Amino acid sequence: SGKGPPGPDQFGYLVLIGVGNTEKEGYDRVRMIKGYLETTGITSEAFLNPQGYAPVSVNVAALRRGNRKAIRVETTRDGRPINNATADVPDLIQAGTCFAGTPDQVFEQIADFYRYVGGFGHILAMMQGGHLGHDETVKNLTLFSREVLPRLGELKIDGLS
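Residue numbers run consecutively from 1 along every chain, following the written order of its sequence. With the structure being a predicted model, the display of local features is reserved for residues of pLDDT at least 70 and the display and counting of side-chain atom pairs for 80 or more, all residues being used for whole-chain, interface and lining totals. The basis for every side-chain value is the complete set of heavy atoms in the structure, and neither hydrogens nor water enter the calculation.

**Student:** Could you give an account of the environment of His-131, naming the residues involved and the relevant values?
**Tutor:** Think of it this way: any DSSP run of H or I at least four residues long counts as a helix, any run of E at least two long counts as a strand, and we number them from the N terminus. Here His-131 shows up in the loop between β3 (122-126) and α6 (134-148). Among residues more than four places away in sequence, those in contact with His-131 are Met-32 and Gly-35. Note on contacts: a residue pair qualifies if any of its non-hydrogen atoms lie within 4.5 Å across the two residues.

Laid out in C-alpha cells, this is it:
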C-alpha cells in the first residue's frame, strides 16, 4: 500500500511445540503432536507444489533433477533435506518445524529462530495434535503459558520487538 515494508507485527509463524519439565518430556510431547505431520503430506499431486510455495530456483533445480511431482522445501538450516513425517526431533528443531524441550530450551529455540528469520510478531503454537491426549495437552499448554510465554516479550531485533 506504499507505506514501506511490513514490520514484524505483520508476520506470524506456525510451529509445533512440546514443553516438559525435562528435555525428554518435551521431546515426547512433540513426538506425539508430530503424528499430524505423518499424514499432512498425503496430498493430491495437483496440490503438492502450489504457485509461490517454493522459489523459482528451487522448482527449476528439482525439474532438472527429474522431479516433476513434488518439490521438497523442508530443510534444516544447514541445507540438509528432511522428511517432516520421519525426521527426528533435533532435525525438526533445526528446520524450524518444532520447538521442544524444557521451558528454557524452548524459549532459546524460539529466540534463535526469531533472530534467524528476522523477527515475527505472532507465534501460532500447535501444542495439540497427532496422538497427544487431553491431559498431556493441558500440561503442555500450562507449562508453556507459565514458563515460556511471559518471556517472549524479551525478543528484539535491532530495536524491533
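Back to the text.
**Student:** Any chance you could break down the pairing of strand β2 (residues 98-101) for me, citing the residues and the numbers?
**Tutor:** The classification of residues rests on relative accessible area computed with a 1.4 Å probe and restricted to protein chains. Under 20% of the type maximum is buried, over 50% is exposed, and intermediate values are partly exposed. Burial of the side chains of β2 extends over both faces: Cys-98 and Ala-100 are buried on one face and Phe-99 and Gly-101 on the other. With four bridges joining them, strand β1 (residues 12-19) and β2 adopt parallel strand pairing. Residue pairing for β2: Val-19 is matched across the bridge by Gly-101. Note: two strands are recorded as paired if DSSP finds a minimum of 2 bridges between them.

**Student:** Now, about the packing of aromatic side chains: what can you tell me, with residues and values included?
**Tutor:** Planes of paired rings set the category: under 30 degrees apart is stacked, over 60 is edge-to-face and the rest tilted, where pairs are Phe, Tyr or Trp rings (Trp by its six-membered ring) whose centres lie within 6.5 Å. Under the counting rule described, the total for this entry stands at six aromatic pairs. Both rings, one in Phe-113 and one in Phe-120, keep their centres 6.3 Å apart while their planes meet at 50°; by these two values the pair is tilted. Among the residues examined, Phe-113 registers a relative accessible area of 6% and is labelled buried. Using a relative accessible area of 8% as the deciding quantity, one classes Phe-120 as buried. Judged by centre distance (5.1 Å) and plane angle (70°), the ring pair of Tyr-114 and Phe-120 falls under edge-to-face. Connected via pairs of aromatic rings, a cluster forms that spans Tyr-13, Phe-99, Phe-113, Tyr-114, Tyr-116 and Phe-120. Should the NZ of a Lys or the CZ of an Arg lie within 6 Å of a ring centre and within 35 degrees of the ring normal, that charge is described as sitting over the ring. Against the face of Tyr-116 rests Arg-77, its NZ or CZ located 4.5 Å from the ring centre.

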